[in-house]
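Letter by letter, the chains look like this.
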Amino acid sequence: MTAKIIDGKGLAAKLRSDLGVNVSEFQASSGVQPHLAAVLVGEDPASAVYVRNKQRACEKTGINSTLHRLSKETTQDELLELITSLNNNASVNGILVQLPLPAHIDETTVLDAVAPLKDVDCFHPENVGLMVQGRPRYLPCTPAGCQRLIAEAGVETSGAHAVIVGRSEIVGKPMAMMLVQKGDVANATITVAHSRTKDLTEITRQADILIAAIGRPEMITAEMIKPGACVIDVGINRVGDKLVGDVAYEAALEVAGAITPVPGGVGPMTIAMLLENTLTAAKLQAQK
Ligand code: NDP
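Please read all numbers here as calculations on a predicted model, not as lab measurements.

A. A look at the pairing of strand 5 (residues 161-165). Counting buried positions along strand 5 yields 5 of 5 residues, so the element is predominantly enclosed. Where burial is concerned, the two faces of strand 5 agree: the one with His161, Val163 and Val165 and the one with Ala162 and Ile164 are both buried. As defined by bridge partners, strand 5 adjoins strand 6 (residues 189-193) across 5 bridges and the pair is classed as parallel. Counted as the bridge partner of Ala162 is Ile190 from strand 6.

B. How the structure looks around helix 10 (residues 266-286). With 21 residues, helix 10 should cover 30 Å at 1.5 Å per step; its first-to-last C-alpha distance of 30 Å lies within 8% of that length. Extensive coverage of helix 10 is indicated by the burial of 15 of its 21 residues.

C. Inspection of the site of the ligand at higher detail. Around the ligand there are 20 residues in total, and Arg167, Ser168, Ser195, Arg216 and Thr270 lie nearest to it. In the model, an oxygen atom of the ligand is placed 3.1 Å from a nitrogen or oxygen of the Ile236 main chain. Separating an oxygen atom of the ligand from a side-chain N or O atom of Thr270 is a distance of 2.8 Å. When the ligand is considered free in solution it has 930 Å² of accessible area, and contact with the protein chains removes 70% of it. The leading source of residues in the shell around the ligand is helix 10, at 3 residues. When its residues are assigned to classes, the shell around the ligand shows 8 nonpolar, 10 polar and 2 charged.

D. Representation of the side chain of Thr74 within the structure. As for its placement among the helices and strands, Thr74 is situated in the loop between strand 3 (64-70) and helix 3 (76-88). A residue is classified by how much of its surface remains accessible, and Thr74, at 5% relative accessible area, is buried. One polar contact links the side chain of Thr74 to the main-chain carbonyl oxygen of Ser71, over a distance of 2.6 Å. The residues touching Thr74, leaving out its near neighbours within four places in the chain, are Val41, Leu79, His104 and Ile105.

E. The arrangement of the packing of helix 6 (residues 141-152) against helix 7 (residues 172-179) in detail. At a minimum axis separation of 9 Å, helix 6 and helix 7 run at an interaxial angle of 45 degrees. Accordingly, the angle class assigned to the pair helix 6 and helix 7 is oblique. Considering the relative orientation of helix 6 and helix 7, their crossing is right-handed. Contacts from Pro143, Ala144, Cys146, Gln147 and Ile150 in helix 6 reach Pro174, Met175, Met178 and Leu179 in helix 7. Residues that form the contact of helix 6 with helix 7 fall into these classes: 8 nonpolar, 1 polar and no charged.

F. Inspection of the nonpolar core at higher detail. Judged by nonpolar contacts, the single largest core of 52 residues is most densely connected at Ile211, Ile232 and Val234. Broken down by element, the residue count for this core peaks at 10 residues, all from helix 10. Per-domain counts for this core show at least three residues from each of domain 1 (31-121) and domain 2 (141-267). If sequence neighbours within four positions are ignored, Ile232 has contacts with Ile6, Cys146, Leu149, Ile150, Leu210, Ile211, Ala212, Thr260 and Val266. Among the nonpolar cores identified, the runner-up in size contains 21 residues, and Val163, Ala212, Ala229 and Ala252 belong to it.

G. Seen up close, the pattern of salt bridges. Summed over all chains, the structure comprises 7 salt bridges. A salt bridge links Glu43 to Lys72, with the shortest nitrogen-to-oxygen separation between them at 3.9 Å. With Glu43 in the loop between strand 2 (35-41) and helix 2 (45-61) and Lys72 in the loop between strand 3 and helix 3, this residue pair connects regions lying 29 residues apart in the sequence. Using a relative accessible area of 45% as the deciding quantity, one classes Lys72 as partly exposed. Of the charged contacts, one joins Asp208 and Lys226 as a salt bridge, the two residues approaching to 2.8 Å between their closest N and O atoms. You can see Asp208 sitting in the loop between helix 8 (200-204) and strand 7 (209-212) and its partner Lys226 sitting in the loop between strand 7 and strand 8 (230-233), a full 18 residues away along the chain. Judged by its relative accessible area of 28%, Asp208 is partly exposed. Classification of Lys226 by relative accessible area gives partly exposed; the value is 30%. Via salt bridges that share partners, Glu43, Lys72 and Glu73 belong to a single interconnected network.

About the thresholds
- Residues numbered from 1 in each chain as written.
- Predicted model: local features only at pLDDT ≥ 70, side-chain atom pairs only at ≥ 80, totals over all residues.
- Heavy atoms only, no water.
- Buried < 20%, exposed > 50% of the residue type's maximum accessible area, 1.4 Å probe, protein only.
- Helix = DSSP H or I, 4+ residues; strand = E, 2+ residues; numbered from the N terminus.
- Pairing = 2+ DSSP bridges.
- Expected span 1.5 Å × (residues − 1).
- Near = heavy atom within 4 Å.
- Polar contact = N/O pair within 3.5 Å; in protein donor to acceptor, adjacent residues only side chain to side chain.
- Areas by Shrake-Rupley, 256 points an atom, 1.4 Å probe, with all protein chains shown as cover.
- Nonpolar A, V, L, I, M, F, W, Y, C, P; charged D, E, K, R; others polar.
- Contact = heavy atoms within 4.5 Å.
- Axes fitted to C-alpha atoms, helices over the stretch in contact; angles between N-to-C directions.
- Parallel < 35°, antiparallel > 145°, perpendicular 65-115°, else oblique.
- Left-handed = near helix turned anticlockwise from the far one by under 90°.
- Core = buried A, V, L, I, M, F, W, Y, C linked by side-chain atoms within 4.5 Å.
- Domains from an automatic or database assignment.
- Salt bridge = Lys/Arg side-chain N within 4 Å of Asp/Glu carboxyl O.

Given below as structure tokens:
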């Protein structure tokens, strides 16, 4: 078997193009250009690349983006002051705080300080709570991107067993909450695995849909995949000068029914979902 490759790059380009039309229609009717403010603290090169990619994607869709670059010595209070000023700035619709933050800053305190209506990453407890209750204001970007990729692959989720490896607040946990909802591209039976899980292979081999969000290069080997499964690889790991996922891609291609590549799978979709949330944020704020 050779798996169908789920083209996240292509799908994200299509979504951006549709979104560009929606952004200009919204701007024409409301006079508002959606605006995403990005906050980058420190000099982590990977974070700088992620922020640049997000800004470029904004430009392509007609969303205004501004970057607030702070030194790694910035104190938590200084960062919180910036967040407050962005919260109070009516021209800013979405606030993105690029993670990770330097060790002396408490991420939870900072993320909780973002106004819920401007929380386009869907990290604030109010937005997470709404999502868990099945009445989302925003969907968390990476899990939402995975869900769109599963839909794009034409994979039936209703009644399927989805195994998610990883339980982070950003990917694993919200992914589980989204796939278990009643609704489209959901209604799945969920198992969430993590570093304390016993017999991981026995569990992953039961997965009709396997989502790897671990951060360990090629940890999911072909033997861990049920033949014909849909495999969504969230991992981004730098190995030498190459980017690899959490799945051993070449071998997995021979077993899976469908699989996302790294790069070109989940990454571009995460950005597309951030842009969608920014337009939603601008619309919600225009109603106020
Ligand atoms: P975290 O480090 O926050 O979480 C990793 C999870 O994997 C944890 O729950 C951990 O378990 C689990 N884990 C670690 N080792 C094992 C193991 N041996 N067996 C089973 N589970 C294990 O990572 P993130 O969720 O933030 O990110 C995961 C990956 O996805 C990273 O490579 C990251 O770069 C990438 N990423 C990609 C994005 C994209 O847009 N494509 C967006 C966000 C992340 P425990 O909780 O017990 O420690």
